[in-house]
Amino acid sequence: MPQAGAAALVGLGVLLALLLPALPLAAPAGAAPTVGAVEAVPGTLLLFHGEGCPHCAAEREWLEGLAVRYPALRIEQYEVWYDEANRAKLEQTAERLGFEATGVPVTVIGERVWIGFDDAKAEEIESTV
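First things first, this report covers the structure right here in the doc. (Residues numbered from 1 in each chain as written. Predicted model: local features only at pLDDT ≥ 70, side-chain atom pairs only at ≥ 80, totals over all residues. Heavy atoms only, no water.)

**A short note on the overall build of the protein**
At step 1: For the protein, the count of helices and strands is four helices and six strands.
At step 2: Element order for the protein, N to C, with α for helix and β for strand: α-β-β-β-α-β-α-β-β-α.
At step 3: Expressed as a percentage of its 129 residues, the buried residues of the protein come to 30%.
At step 4: Sequence separation of at least 24 residues holds for 57% of the intrachain contacts in the protein that already meet a minimum separation of 6.
At step 5: Only carbon and sulfur atoms are counted for the fraction: they give 60% of the accessible area of the protein, which is about 8200 Å². (Helix = DSSP H or I, 4+ residues; strand = E, 2+ residues; numbered from the N terminus. Buried < 20%, exposed > 50% of the residue type's maximum accessible area, 1.4 Å probe, protein only. Contact = heavy atoms within 4.5 Å. Areas by Shrake-Rupley, 256 points an atom, 1.4 Å probe, with all protein chains shown as cover.)

**Topic: the packing of helix H2 (residues 54-69) against helix H4 (residues 119-128)**
At step 1: Remark: H2 packs on H4, axes separated minimally by 12 Å, with the N-to-C direction vectors making an angle of 30°. Overall, the two elements H2 and H4 adopt an arrangement that is roughly parallel. The crossing of H2 and H4 is right-handed. Where H2 approaches H4, its residues Glu-59, Trp-62, Leu-66 and Arg-69 are matched on the opposing element by Ala-122, Ile-125 and Glu-126.
At step 2: Broken down by class, the residue content of the contact of H2 with H4 amounts to four nonpolar, no polar and three charged. (Axes fitted to C-alpha atoms, helices over the stretch in contact; angles between N-to-C directions. Parallel < 35°, antiparallel > 145°, perpendicular 65-115°, else oblique. Left-handed = near helix turned anticlockwise from the far one by under 90°. Nonpolar A, V, L, I, M, F, W, Y, C, P; charged D, E, K, R; others polar.)

**Some remarks on the pairing of strand E6 (residues 112-115)**
At step 1: The pairing of strand E5 (residues 106-109) with E6 spans four bridges and is classified as antiparallel. Note on E6: the bridge partner recorded for Thr-107 is Trp-114.
At step 2: Where E5 hands over to E6, the hairpin turn is made up of two residues, of which Gly-110 adopts a positive phi near 60°. (Pairing = 2+ DSSP bridges.)

**Looking at the pattern of salt bridges**
At step 1: Per the stated rule, a full pass over the model turns up four salt bridges.
At step 2: For Glu-124, the salt bridge is made with Arg-112, and the minimal N-O distance between the two is 3.9 Å. Of this pair, Glu-124 sits in helix H4 while Arg-112 sits in strand E6; the two residues are 12 residues apart in sequence, bridging distant segments of the chain.
At step 3: Using a relative accessible area of 40% as the deciding quantity, one classes Arg-112 as partly exposed. (Salt bridge = Lys/Arg side-chain N within 4 Å of Asp/Glu carboxyl O.)

**Regarding the nonpolar core**
At step 1: Phe-48, Leu-90, Phe-99, Val-106 and Val-108 are the most contacted members of the largest nonpolar core, which totals 13 residues.
At step 2: Counting residues per element, the ones that place at least two in this core are strand E3 (44-49), helix H3 (84-97) and E5.
At step 3: For Phe-99, the contacting residues outside a window of four places in its chain are Leu-90, Thr-93, Ala-94, Val-106, Val-113 and Ile-115. (Core = buried A, V, L, I, M, F, W, Y, C linked by side-chain atoms within 4.5 Å.)

**Description of the side chain of Glu-59**
At step 1: Position of Glu-59 among the secondary structure elements: in helix H2.
At step 2: Buried Glu-59, no salt bridge; nearest opposite-charge side chain is Lys-121, N-O distance 8.8 Å.
At step 3: Excluding anything up to four places from it in sequence, Glu-59 contacts Leu-47, Pro-105, Thr-107, Gly-116, Phe-117 and Ile-125. (Lys, Arg positive; Asp, Glu negative; His and termini not counted.)

**A look at the environment of Cys-56**
At step 1: On the secondary structure map, Cys-56 appears in helix H2.
At step 2: Measuring from C-alpha to C-alpha, the distance between Cys-56 and Pro-105 comes to 5.2 Å, with 49 residues separating the pair along the chain.

Quick look at the structure:
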């Protein structure tokens, strides 16, 4: 009988090991805050852009290459000119981080923010990633 109990414990341990990664965990104190429906998670790049904006289009194209170079990077994109909910997310993010969203694109990684896009900003963003 002791062998059956040991086998059951081993089976339970294997089951827990398989299920634990799928369970939602409570955020520890000091965890990344939630911004509206946008969770500011470490390793996540947030891009707030406007449909039809040439600088936004250039950054979105550049981000495709960045995603290939850094496959663990999570990139979330929110169109803000035509989507009111996304615009509200940008405003909440700006309020939380203490900046004024004076234009697009707005790129956020953690507490760092870039407004606009050019080669110098691309280098800064990539070095932050």
